[in-house]
Amino acid sequence: MAKKNIKDLNLKGKKVLMRVDFNVPMKGGVITDDNRIVQALPTIRYALEQGGKVILFSHLGRIKTEEDLAKNSLALVAKRLEELLGKHVEFVPVTRGKVLEDAVAALKEGEVLMFENTRYEDLDGKKESKNDPELGAYWASLGDVFVNDAFGTAHRAHASNQGIASHFPNDSAAGFLLEKEIKFIGGAVDNPVRPFVAILGGGAMAYTFFKAQGLEVGKSKCELDFVEYAKGLLKKANGKIILPVDVVSVQVSDEDVAADFFGAIAKADTKVVDVNHIDKDAQGLDCGPKTIELFKKELVGAKTVVWNGPAGVFEVEKFAKGTKAICEALANLDGATTIIGGGDSAAAAISMGYETKFTHISTGGGASLEYLEGKALPGVTCLSDVK
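What you see is a predicted model; the values in this text were computed from it and never measured.

The rules behind these values
- Residues numbered from 1 in each chain as written.
- Predicted model: local features only at pLDDT ≥ 70, side-chain atom pairs only at ≥ 80, totals over all residues.
- Heavy atoms only, no water.
- Helix = DSSP H or I, 4+ residues; strand = E, 2+ residues; numbered from the N terminus.
- Rg over C-alpha atoms; globule rule 2.2 N^0.38 Å.
- Buried < 20%, exposed > 50% of the residue type's maximum accessible area, 1.4 Å probe, protein only.
- Contact = heavy atoms within 4.5 Å.
- Areas by Shrake-Rupley, 256 points an atom, 1.4 Å probe, with all protein chains shown as cover.
- Pairing = 2+ DSSP bridges.
- Right-handed = clockwise from strand over helix to strand, strands pointing away.

Points about the overall build of the chain
- Scanning the chain for helices and strands turns up 16 helices and 15 strands.
- Computed over C-alpha atoms, the radius of gyration of the chain comes to 23 Å, within 12% of the 21 Å expected from 2.2 N^0.38 for 387 residues, which places it in the range of a compact globule.
- Expressed as lengths along the three principal axes of its C-alpha atoms, the size of the chain is roughly 65 × 45 × 35 Å.
- The buried share of the chain, taken over its 387 residues, is 50%.
- Pairs at least 24 apart in sequence give 76% of the contacts found in the chain among residues at least 6 apart.
- Surface exposure of the chain reaches about 18400 Å², of which carbon and sulfur atoms provide 51%.

Encoded structure:
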């Protein structure tokens, strides 16, 4: 059944609880990619224009120790949102209590506040991540309606999505971003225009399949727990899984890699080798030129393409050729729907200047994959149905 979207709710004068996904990458106290904040702006602006009193909340990173609290505060995110929104964002550095309640009570129509990282509640018993009912009820008590615009966490049943929504059976809805994700990724699953191609990378995937074929992978990252599963997939696929035929490899010491992985591989000499001849002391870090041409050929004529996971360690320029080639190939496909399933592949496409060349760039890595598998997402199913 179709779910309500934010336009189905009366927001005038209402306290609008809005779950966003501002789990943005940071380095040295600086946000390195604000795409997830940018993508949430239309929903936030609409709620404000409708006279809503907007209460934003998100997670950032994982909270396991006291040290994690300071480095995963949403204070910097709130500041960046304020710059992008062109409007003051009141930041409340707590997740519950009188300070938060007073700030919510003081909100006027068209104003917005953000409270602290929801996963601060995980420090003591993982209340957020385990969907603690008391926490969900408390956050729900702060508002009048609930809008979920956090596709990146929609595959998880947390207190900040399912927990809150359970208290708004008729007044919870999807934001514009969540709705867009459902439209594009759901369409790719339910009724894709064919030929349909899925490009899967990252996570040492290719080397796991090489291992399943009995090949030497050297020191390349390989998920040994999935080797048998990969063998099964190769049998079922009947030749429809196209694997790399050559890779760009390096030889670096374990000590150098442990000390500074990116620094070590950036300095190392590269060698292009056939996948049947990977040295036992080498590590594959990108697909080779023959593989790039093979992939380009396979993409000719495709009408729907879903891509999740870069082809190599794109963060280092000399190992970015495979990922860049995929970006170029997809950008030049005529009449095709091209979707990037979030995560590192989305970051790669944006950093390489291809952001506007794709039909849709998802904000959710794990959520995209699970939705593509056809799984129900708790952060979507919990929302009110259109009656």
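Some remarks on the environment of I44
- Residue placement: I44 occurs in helix α1 (residues 35-49).
- Of the residues examined, I44 reaches a relative accessible area of 0% and is grouped as buried.
- Once the C-alpha coordinates of I44 and A159 are considered, the two residues, 115 residues apart in sequence, prove to be 21 Å apart.
- Once you skip the residues sitting within four places of it in the chain, I44 turns out to touch M18, F22, L56, L81 and L85.

Notes on the pairing of strand β14 (residues 337-340)
- Bridge count for strand β13 (residues 304-308) against β14 is four bridges, and the pairing is parallel. Across the sheet, the residue bridging to W307 is I340, located in β14.
- In this view, the connection linking β13 to its parallel neighbour β14 by way of helix α13 (residues 321-331) has right-handed handedness.
- Across two bridges, the pairing between β14 and strand β15 (residues 360-361) is parallel. Residue pairing in the sheet places I340 in a bridge with I361 of β15.

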